[in-house]
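Here is what each chain is made of, one letter per residue.
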Amino acid sequence: MNRRSTTTPDPRDREENTVAQQPQQSSTTRTPVELTVRPRPGQLTFTAPRRGKPPRHLADFDMAGRREFLAELGHQPFRAGQLSRHYFDRFATAPEDMTDLPAAGREELVSQVLPPLLTTVRSLEADQGDTVKNVHRCFDGATVESVLMRYTHRVTMCISSQAGCGMNCPFCATGQAGLTRNLSTAEMVEQVVQGARMLRGGRVGRAEQEPLRISNIVFMGMGEALANYKASIGAIHRLIDPSPEGLGISARGITMSTVGLVPGIRKFTQEKLPVTLALSLHAPDDELRDELIPINTRWKVDEALDAAYDYYQATGRRVSIEYALIRDINDHGWRADLLGEKLNARGGGWVHVNPIPLNPTPGSKWTASRPGVEQNFVERLRAHGIPTTVRDTRGSDIDGACGQLAATV
Ligand code: SF4
């Protein structure tokens, strides 16, 4: 059946993703993935280049949508529950593992509803196997990355929301490569399902460790998730909805990261999900932030902090401020004081700061702060009463840490 002639709404069809409008590209010609244009310094890309969409997948829909999807394909709608249990409970996608489905037509049904979306083309390990970075190839050749990090009692997974990123932060490997395209909801969920399958199979960590479930998901891989708004919200629902509708991960274990897309933060606030918001601030003053974070030329530091504070007020979830410490660029004591003052001016107890030693990217002039300077920055913030924790840089030796995801294969 021709998918484009059908009537079931494709949740990816409504282009509400662009929260800040930029002029549309004049050409609608599909651009091969290899021709993603590297942005000029400071150039922002809000609208993903037009490309073919990945095949529709069970995980693109909520349960009602899945029943419609199946009916449209000529199958019994109640199969949605069976297929959902296979995918979200058992992480199964092979027809031979689905013996409760009739043998006749099973292969066709599964290939239509659970088409392969991501092929893992490279896996790299660090931290004695406790950190694993996977590079996935999408249906159109675009590559994205996810990172699994196993700790003593929890597992955090960092996933990508876009292939590339249009925000063009000059210290970030992903941003320098430009925006290839938005990922679909199912492409985001599939990263997590593949990670969960690896954990269940004992392929993350040492053999003697007990298998753990994924407890935390951070949208801190490739891309600005709020610039791919609708698909990212769909992914959050699939992650937190109870089985078999979704993976049943606690919403409190999810972190939505943004570089400061203020209309996106405001829209996200209206969702009233008990999800943590992480704002990548990296500078408390507009003069420097305009240079480090090009989106700041649209929405200034105070606007981003106001939106983050309002998010806290609406959800009760303490906001994380991410601050990559870059040697001699943003690591001055006076900037720690200014940040502390700006956060306190909005209230107490609403925010937590995570300074992050910058992970240098090859050939970049940006590098991490000296340890003494980092410690001074932390102490100055704490002196203002701001809870501050230096974030670890798991995976930095496999380019799996923040600002290093460039999907090299
Ligand atoms: S730091 Fe984040 S928002 Fe900035 S270019 Fe990199 S991935 Fe995009």
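Residues numbered from 1 in each chain as written. Predicted model: local features only at pLDDT ≥ 70, side-chain atom pairs only at ≥ 80, totals over all residues.

1. Digging into helix 7 (residues 262–271)
We count it as follows: Counting other C-beta atoms within 10 Å of its own, a residue is labelled buried from 20 upward, exposed at 12 or fewer, and partly exposed in the gap between, with every C-beta atom placed from the backbone. Strands here are runs of E lasting at least two residues and helices are runs of H or I lasting at least four, both read from the DSSP assignment and numbered beginning at the N terminus. The arc in question is the one traced by the directions running from the helix axis out to the C-beta atoms. It is the C-beta atoms, placed from the backbone, that decide contacts: two residues are in contact if theirs lie within 7 Å.
Every buried residue of helix 7 is listed here: Val262, Gly264, Ile265 and Phe268. For helix 7, the angular spread of the buried residues around the axis is 155 degrees, confining them to a single face. Contacts made by the buried residues of helix 7 are with helix 6 (229–240), strand 8 (254–258), strand 9 (276–280) and helix 9 (301–315). After helix 7 finishes, the residue Lys272 shows a positive phi value of roughly 50 degrees.

2. Some details on the environment of Thr389
The residue Thr389 is located in the segment after helix 11 (371–383) in this model. Overall, the presence of 11 C-beta atoms within 10 Å leaves Thr389 in the exposed class. Note: C-alpha distance between Thr389 and Asn354 (35 residues apart in sequence) is 5.1 Å.

3. Quick word on the site of the ligand
Quick note on the threshold: By definition, a residue lies near a molecule or strand provided its backbone-derived C-beta atom is within 6 Å of it. Any residue outside Ala, Val, Leu, Ile, Met, Phe, Trp, Tyr, Cys, Pro, Asp, Glu, Lys and Arg is labelled polar, Gly included; the first ten of those are nonpolar and the last four are charged.
Near the ligand, the surroundings consist of 10 residues, among which Cys165, Met167, Cys169, Cys172 and Gly175 are the closest. When grouped by side-chain class, the residues that make up the shell around the ligand number five nonpolar, four polar and one charged.

4. Digging into the UniProt feature "binding site: S-adenosyl-L-methionine" (unreviewed entry) in the protein
Here is the rule: UniProt positions are given in the numbering used here, feature names are shortened, and annotations may be inferred rather than shown by experiment.
As annotated in UniProt, the feature "binding site: S-adenosyl-L-methionine" (unreviewed entry) corresponds to Gly223, Glu224, Ser257, Ser280, Leu281, His282 and Asn359 in the numbering used here. Within the element layout of this structure, Ser257 appears in strand 8. For Ser257, a count of 22 C-beta atoms within 10 Å puts it in the buried group. In this structure, Ser257 is in contact with Val218, Phe219, Met220, Ala225, Ala278 and Ser280, ignoring residues within four places of it in sequence. As for its placement among the helices and strands, Leu281 is situated in the loop between strand 9 and helix 8 (286–292). Given 26 C-beta atoms within a 10 Å radius, Leu281 is considered buried. Every residue in contact with Leu281, bar those within four places of it in the chain, is listed here: Ile321, Glu322 and Tyr323.

5. Remarks on the sheet that holds strand 1 (residues 119–126)
By way of backbone hydrogen bonds, the strands of a sheet pair with one another, either parallel or antiparallel. Applied cut-off: For two strands to be treated as a pair, DSSP must find no fewer than two bridges joining them. Orientation is described by lines fitted to C-alpha atoms, with helices fitted over the stretch in contact, and by angles between N-to-C directions that extend from 0 to 180 degrees.
With mixed pairing, nine strands are arranged side by side in an open sheet as 1-2-3-4-7-8-9-10-11. Every other strand in the sheet has two partners, leaving strand 1 and strand 11 (351–357) as the edge strands with one partner each. The average undirected angle you get between the axes of adjacent strands in this sheet is 20 degrees. Here strand 3 (residues 143–150) runs beside strand 4 (residues 155–158); their pairing, made up of four bridges, is antiparallel.

6. So, the packing of helix 5 (residues 185–200) against helix 6
Inclusion rule: The labels follow the angle: roughly parallel below 35 degrees, roughly antiparallel above 145, roughly perpendicular from 65 to 115, and oblique for the rest. In a left-handed crossing the near helix is turned counterclockwise from the far helix by less than a right angle, and in a right-handed crossing that turn is clockwise.
It is at 8 Å that the axes of helix 5 and helix 6 come closest, and there the two elements cross at 40 degrees. Considering the angle they form, helix 5 stands oblique to helix 6. The handedness of the crossing between helix 5 and helix 6 comes out as right-handed. In contact with Thr185, Met188, Val189 and Val192 of helix 5, helix 6 contributes Ala231, Ser232, Gly234, Ala235, Arg238 and Leu239. Looking at the contact of helix 5 with helix 6 residue by residue, the class counts come to six nonpolar, three polar and one charged.

7. Quick look at the nonpolar core
Applicable threshold: Linking buried Ala, Val, Leu, Ile, Met, Phe, Trp, Tyr and Cys residues through C-beta atoms within 7 Å yields a set, and such a set is a nonpolar core. The source of the domain bounds is an automatic or database domain assignment.
Ranked by internal contacts, the top residues of the largest apolar core, which has 103 residues, are Val192, Leu239, Ile265 and Ala308. Top contributing element to this core by residue count: helix 5, with seven residues. Residue contributions to this core reach at least three from each of two domains, namely domain 1 (56–115) and domain 2 (119–311 + 334–339 + 392–398). Ignoring sequence-local partners within four residues, the contact set of Ile265 consists of Leu226, Thr258, Leu277, Ala307, Ala308 and Tyr311.

8. Re the pairing of strand 10 (residues 319–325)
For strand 10, the buried fraction is high: seven of the seven residues fall into the buried class. Here strand 10 shows a buried face lined by Val319, Ile321, Tyr323 and Leu325 and a second buried face lined by Ser320, Glu322 and Ala324. Looking at chain direction, strand 9 and strand 10 are connected through three bridges and run parallel. By the bridge assignment, Ser280 is partnered in strand 10 with Glu322. Pairing between strand 10 and strand 11: seven bridges, direction parallel. Note that in strand 11 the partner of Leu325 across the bridge is Pro357.

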